[in-house]
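Summary of the model geometry
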Amino acid sequence: MTTCYPDTMKVKRDIQRRIEDYVIKYCETLEENFKQYQIDSYMRNIENPSSVTEGYKSYYEEQLQKIEDGTANLYKFVFKTGKKFHKVYFLEYQEANDYYNRPAGYKSGSVHAFIDKNTGEVYKPASWKAPAKIVRFDLRLITDREFLFNPNNISWAGGHLYLR
């Protein structure tokens with residue numbers, strides 16, 4: 001029979017709260033990375049128009065203005081907590097569609113990562129329901145946290161989660 005001491009339970013809950021705070025910070029960093037990606041993309045199209053993007057300069061400028069105003073409908077990264085993992089995924093804004101009787105709003109996109117609730121280990125997703133088997137990062141390690149919380153190091157599309 002194993003005895004669980006009150007101090008041990010407090011420590012475990014404290015670690016779980018910290019990991020949840022780290023997951024929130026990770027989601028915010030992913031959103032910032034996506035925002036910078038969109039800004040860079042629009043700026044490239046304005047500065048170096050190709051034959052395809054030639055007539056869209058005013059559109060790109062309008063989109064940049066929306067990002068600056070904070071009214072752009074950029075991806076949002078959120079998480080759901082399951083039995084063992086926090087599932088990080090993005091929400092994509094979709095315009096209303098009368099044909100499909102769909103209102104405008106944010107809809108679930110693909111899974112970005114799975115993060116173990118108890119250990120803070122970050123996994124690349126294998127599917128919508130399950131993580132890959134190999135740990136990519138560990139939020140308990142300061143170096144991994146510093147890497148993941150820098151929007152210049154990570155990719156909103158998940159490229160940083162691939163093995164190198």
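Reference entry: report on the structure contained in this document. (Residues numbered from 1 in each chain as written. Predicted model: local features only at pLDDT ≥ 70, side-chain atom pairs only at ≥ 80, totals over all residues. Heavy atoms only, no water.)

**Let's talk about the nonpolar core**
Filter applied, for reference: Nine residue types can take part in a nonpolar core, namely buried Ala, Val, Leu, Ile, Met, Phe, Trp, Tyr and Cys, and a core is a set of them joined through side-chain atoms within 4.5 Å. Relative accessibility decides the category of a residue: with a 1.4 Å probe and only protein chains considered, values under 20% of the type maximum give buried, values over 50% give exposed, and everything between is partly exposed. Secondary structure follows DSSP: runs of H or I at least 4 residues long count as helices, runs of E at least 2 residues long count as strands, and numbering of each begins at the N terminus. We call two residues contacting when some pair of their heavy atoms lies within 4.5 Å.
Tyr-26, Ile-115, Val-122, Leu-139 and Leu-148 are the most contacted members of the largest nonpolar core, which has 28 residues in total. Put simply, the parts of the chain that give this core at least two residues each are helix 1 (6-47), helix 2 (57-69), strand 2 (85-94) and strand 3 (105-116). The dominant element in this core, judged by the number of residues it contributes, is helix 1, at nine residues. Sequence-distant contacts of Ile-115, that is, excluding residues within four places in its chain, are made with Ile-19, Val-23, Tyr-26, Lys-84, Phe-85, His-86, Val-88, Gly-120, Glu-121, Val-122 and Leu-139.

**Examining the environment of Ala-132**
Following the sequence through the fold, Ala-132 ends up in strand 5 (residues 131-138). Measuring from C-alpha to C-alpha, the distance between Ala-132 and Phe-114 comes to 8.7 Å, with 18 residues separating the pair along the chain. Sequence-distant contacts of Ala-132, defined by excluding residues within four places in its chain, comprise Tyr-123, Lys-124, Pro-125 and Ala-126.

**Remarks on the pairing of strand 5**
Looking along a regular strand, one sees side chains alternate from face to face of the sheet. To keep it simple, the criterion reads: Two strands form a pair only when DSSP identifies at least two bridges running between them.
By the bridge criterion, four bridges tie strand 4 (residues 121-125) to strand 5 in an arrangement that is antiparallel. Looking at strand 5, one finds that Pro-125 is bridged to Pro-131. Count of turn residues in the strand 4/strand 5 antiparallel hairpin: five residues.

**Observations regarding helix 2**
To keep things clear, this is the line we draw: A helix is expected to span 1.5 Å for every residue after the first. By arc we mean the arc of the directions from the helix axis to the C-beta atoms, nothing more.
Helix length check: helix 2 (13 residues) gives 18 Å between terminal C-alpha atoms against 18 Å at 1.5 Å per residue, within 8%. Within the sequence span of helix 2, burial applies to Tyr-60, Gln-63, Leu-64 and Ile-67. An end-on view of helix 2 places all buried positions within 100° of arc, on one side of the element. Exposed residues lying more than 90 degrees from the buried face of helix 2 are Ser-58 and Glu-68. Of the residues trailing helix 2, Gly-70 is marked for its positive phi of about 85°.

**Points about the packing of aromatic side chains**
This is how it is decided: Aromatic pairing here means that ring centres of Phe, Tyr or Trp (its six-membered ring) are within 6.5 Å. Orientation follows from the plane angle: under 30 degrees is stacked, over 60 is edge-to-face, and everything else is tilted.
Applying the stated rule across the entire model yields 17 aromatic pairs. Between Tyr-56 and Tyr-60, the aromatic rings sit 6.4 Å apart at their centres with planes inclined by 55°, giving tilted as the arrangement. The class for Tyr-60 is buried, based on a relative accessible area of 10%. Ring centres of Phe-77 and Phe-90 lie 6.1 Å apart, and the angle between their planes is 55°; on these two criteria the pair is classed as tilted. Of this pair, Phe-77 sits in strand 1 (residues 76-81) while Phe-90 sits in strand 2, placing them 13 residues apart in sequence.

**Structural notes on the side chain of His-112**
Defined as follows: Polar contacts, as counted here, are pairs of nitrogen or oxygen atoms within 3.5 Å of one another; within protein the pair requires one atom able to donate a hydrogen and one able to accept it, and residues that are adjacent in sequence qualify only if both atoms are side-chain atoms.
Structurally, His-112 can be placed in strand 3. Among the polar contacts listed, one links the side chain of His-112 to the backbone oxygen of Trp-156, at a separation of 3.3 Å. Beyond its immediate stretch of four places on either side in the chain, His-112 contacts Tyr-26, Leu-30, Phe-77, Val-88, Tyr-89, Pro-125, Ser-155, Trp-156, Ala-157, Gly-158, His-160 and Leu-161.

**Concerning unusual backbone geometry**
Glycine aside, negative phi is the norm for most residues, and most peptide bonds take the trans geometry. Even without a glycine there, the phi angle at Asn-101 is positive, about 55°. Overall, Asn-101 belongs to the exposed group, its relative accessible area being 70%.

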